[in-house]
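Read off the chains here:
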Amino acid sequence: MIRIATLADTRAVEAEMPLERRWTARSLHEQLAETAGRFPDRPAISFQLKSGPGDRALTLTWAEFKAEVTRLANLLRRLGVGPGDSVAYVLPNGLEAPAALLAGATAGVVTPVNPLLSPDAMAGILREVGAKVVISLCPFPKSDVANTVAAALAEAPGVDYLLEVDLGRYLAPPLGWVARFLGKRPAHRHAAKVLDLRREMARERSDALDFAETFDDRFCARFHTGGTTGLPKIAQHRARGILYNGWCGSFYMFTEADVLMCPLPMFHVLGAYPILMSCLTSGAQLVMVTPQGYRGEGVFDSFWKLIERWKVSFLITVPTAAARLMRVKVNADVSTLRLAISGSAAMPVELFNRFEAATGVRVLEGYGMTEATCLVSINPPFGERKIGSVGLPFAYTDLRILRCDGAGRVTKVCGVDESGEICVRGPGVNTDVYADPEKNRGMLTEDGFLRTGDLGRLDADGYLWITGRAKDLIIRGGHNIDPAQIEEALMRHPDVTFVGAIGQPDAHSGEVPAVYVELAPGASATPEELLRFASDHVAEHAAVPKHLEVLPELPKTAIGKIFKPELRRRAIARVYGEALAAAGRPETVVEVAEDRRLGLVAVLAPGPGGPDDAGVAAVLDSFLTPWRWQGAEH
Ligand code: AMP
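Every chain's residues receive numbers from 1 upward, in the order its sequence appears when written. Per-residue local features are limited, in this predicted model, to residues with pLDDT of at least 70; the limit for side-chain atom pairs, both in listing and counting, is 80 or more; totals at the level of whole chains, interfaces and linings are taken over all residues. The side-chain quantities take in all heavy atoms of the structure and omit both hydrogens and water.

## Thoughts on the overall build of the chain
At step 1: Secondary structure is summarised from DSSP: a helix means a run of H or I of at least four residues, a strand means a run of E of at least two, and numbering begins at the N terminus for each. Looking only at helices and strands, the chain has 17 helices and 29 strands in total.
At step 2: In terms of overall dimensions, the chain is globule-like: its C-alpha atoms have a radius of gyration of 25 Å, near the 26 Å expected for 634 residues.
At step 3: Residues counted as buried form 59% of the 634 residues belonging to the chain.
At step 4: When contacts within the chain are restricted to residue pairs at least 6 apart in sequence, those whose partners lie at least 24 apart make up 69%.
At step 5: All accessible-area figures derive from a Shrake-Rupley calculation using a 1.4 Å probe, and residue coverage is judged against the displayed protein chains alone. Total accessible area on the chain stands at roughly 25,100 Å², and carbon and sulfur atoms take up 51% of it.
At step 6: Positive residues here are Lys and Arg, negative ones are Asp and Glu, while His and the chain termini are left out of the count. Taken as the charge location is NZ of Lys, CZ of Arg, CG of Asp or CD of Glu. If the 69 positive side-chain charges of the chain are averaged to one point and the 75 negative ones to another, these points end up 4 Å apart. Throughout, radius of gyration means the C-alpha value; the globule benchmark is 2.2 Å times the number of residues raised to the power 0.38. For each residue, the accessible area found with a 1.4 Å probe, counting protein chains only, is set against the maximum for its type, and the residue is called buried under 20%, exposed over 50%, and partly exposed in between. We call two residues in contact whenever any of their non-hydrogen atoms come within 4.5 Å of each other.

Okay, structure coming up:
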């Protein structure tokens, strides 16, 4: 660990030696072997299925974890997974997900899949990556994963094997022995051969890989994005970029004495790379609680007691979880806790202050993304923390604020405090960002900077400030409105917990701002009151929302980001429904669907007289969002 405090320190680290000399491992398995060699008996990963501070937990030491990963990698190779073949895992948190990540990347190319996806979306990902083996759960009480995976496999005939994990091992006997028989049997048939993961692993050697690894820095992982701006895309990662995340974590802050509590899923880069790989490099202990992490039953209520139980030194959070957490009184000895690290979405300054005041825990905010193999920047743990900024670039990562034309050519390199698109070049940025070459067009500038689609500025000290997302801009009559200015203004209202601003279709201006709000529990602000507050606090007149709605809960992704496509769907359905009704038309909006080519499309049910194209066109064709008749996509 080194005490980096400023951009000058960062540059000095880079000048000292090239990145290639910073670590020796050439693959994830080599890094695991190295750490297991240094700290064989120290705890590596702990997991408890239930959230109580006294509930049963299992811990693997680094030597045991290495043995598990080695066995699983050998098994995958026996099942025919070669260096170019895909293995997917559809697993909630547990000891198996990290093992599957490392073993999959060692034997082949690993793809973690969100277990909450629909069977169709899951099947689409399995087909796109060409998965040969899937690792998932066997039936288990209160879990629908086995059924969803079976339905997905029915639509992904290329999968040869399904390796099943029995979560019963995390329960005390006799319940642990019988739990799998209490789960719902999948209703779908598929052709993949079903094998028991533990039984098959027991047949493999654990002391060494059965095969020689190739050290050509091939793509060894493919992660699907959260799809917050459209359908999920599949980004691909090399060992170098993945190991870089681990190096950053251990170089900047973690040692083997640390304990990281990560209630985030292992199918998103934040949990998988900065957290798991940092433990893998530093020897720190990773603690996971419940298969669903923050979403697990009772997790928030026992949270501080869990920190005490595991003597956690770093807490990994996201803004939505922090907002929920600050409402739980600190009722335990949390003196081991050094910092909370937040990423994945902007932590509003208000939330920052409220969280720190309520919990007494300092928050460091960082920035990363799936397309860059995650880590980009962080507020330096030993330097000035600028609240609202995502900090300094990690060593060996370059940041530029650029303006590009429609064809992706750089038209301007922005100066200090000048806003533009955040562009990143570094060890995790690959030329082929996505697995689908079609999607890579225009992703990189000529000199290899990844265009993030995020907007921001660099201040005089080199700190990055994210001001919005190019892809989320509201375009009102050709005028660009950053939704962040609306969201930040409303966050200042004491009753407001979350805000999502989007552009809703408008016949005159193309889009106008609409905003959705989630209130704090027990709060009672009305939409009228909040709209008044918005018009008093949103600086720019054009950005004052035209519509404001309070929802019991805003739609969020598995990593806790506000899921704006869902808000856009709601807005389109409402605006089109109102426009049709105002024109006296009998048609209704049945849903707003996502079309691969067109994006969001309003789907209409015809009136009793049948489809009337001209009648609907007269009302809806002045809006930009396309529409179609129900059933017309087939
Ligand atoms: P993902 O690939 O799911 O990790 O999403 C990456 C995106 O999340 C980035 O491009 C940003 O839009 C957003 N993001 C990540 N971290 C932050 C942060 N600290 N503040 C604001 N936005 C963030």
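## So, the sheet that holds strand S17 (residues 398–404)
At step 1: Strand pairing requires that DSSP identify at least two bridges connecting the strands. If you trace the five strands from one edge of the open sheet to the other, you get S18-S17-S19-S20-S21, paired in antiparallel fashion. Of all the strands in the sheet, the pair left with one neighbour each is strand S18 (410–413) and strand S21 (464–469). Between one strand and the next, the sheet's axes are offset by a mean angle of 55°, whatever the strand orientation.
At step 2: As defined by bridge partners, strand S19 (residues 420–425) adjoins strand S20 (residues 450–458) across four bridges and the pair is classed as antiparallel. Bridge pairing links Cys 423 to Arg 451 in S20. Under this scheme, a helix contributes an axis fitted over its contacting stretch, all axes are lines through C-alpha atoms, and angles between N-to-C directions fall in the 0 to 180 degree range.

## Comments concerning the pairing of strand S28 (residues 599–605)
The side chains of a regular strand alternate, residue by residue, between the two faces of the sheet.
At step 1: In terms of burial, S28 is largely enclosed, as six of its seven residues are buried.
At step 2: As paired strands, strand S27 (residues 588–595) and S28 are joined by seven bridges and run antiparallel to one another. Across the sheet, residue Thr 588 finds its bridge partner in S28, namely Ala 605.
At step 3: As defined by bridge partners, S28 adjoins strand S29 (residues 627–629) across three bridges and the pair is classed as parallel. In the sheet register, Val 603 faces S29, and the bridge partner there is Arg 628.

## Re the packing of helix H2 (residues 28–38) against helix H10 (residues 269–282)
At step 1: It is at 7 Å that the axes of H2 and H10 come closest, and there the two elements cross at 50°. Classed by the angle they form, the pair H2 and H10 counts as oblique. Where H2 approaches H10, its residues Leu 28, Gln 31, Leu 32, Thr 35 and Arg 38 are matched on the opposing element by Met 277, Cys 279, Leu 280 and Thr 281.
At step 2: In this classification, Asp, Glu, Lys and Arg are treated as charged, Ala, Val, Leu, Ile, Met, Phe, Trp, Tyr, Cys and Pro as nonpolar, and every other residue, Gly included, as polar. Taken together, the residues that form the contact of H2 with H10 break down as five nonpolar, three polar and one charged. An angle below 35 degrees is read as roughly parallel, one above 145 as roughly antiparallel, one from 65 to 115 as roughly perpendicular, and any other as oblique.

## Here's the deal with the site of the ligand
At step 1: Here a residue is near a molecule or strand as soon as one of its heavy atoms is found within 4 Å of it. Near the ligand there are 15 residues, and of these Glu 365, Gly 366, Thr 370, Asp 454 and Lys 561 occur at the shortest range.
At step 2: Ser 344 has a polar backbone atom sitting 3.2 Å from a nitrogen atom of the ligand.
At step 3: Between the ligand and the protein, one listed contact pairs a nitrogen atom with a side-chain N or O atom of Glu 365 at 3.0 Å.
At step 4: Protein contacts shield 92% of the accessible area of the ligand, which totals 490 Å² for the unbound molecule.
At step 5: Where the shell around the ligand is concerned, the elements lending two or more residues are strand S14 (363–369) and S21.
At step 6: In terms of residue count, S14 provides more of the shell around the ligand than any other element does, five residues in total. The term polar contact refers here to a pair of N or O atoms within 3.5 Å; inside protein, the definition further demands a hydrogen-donor-capable atom paired with an acceptor-capable atom, and it admits residues adjacent in sequence only when both atoms are side-chain atoms.

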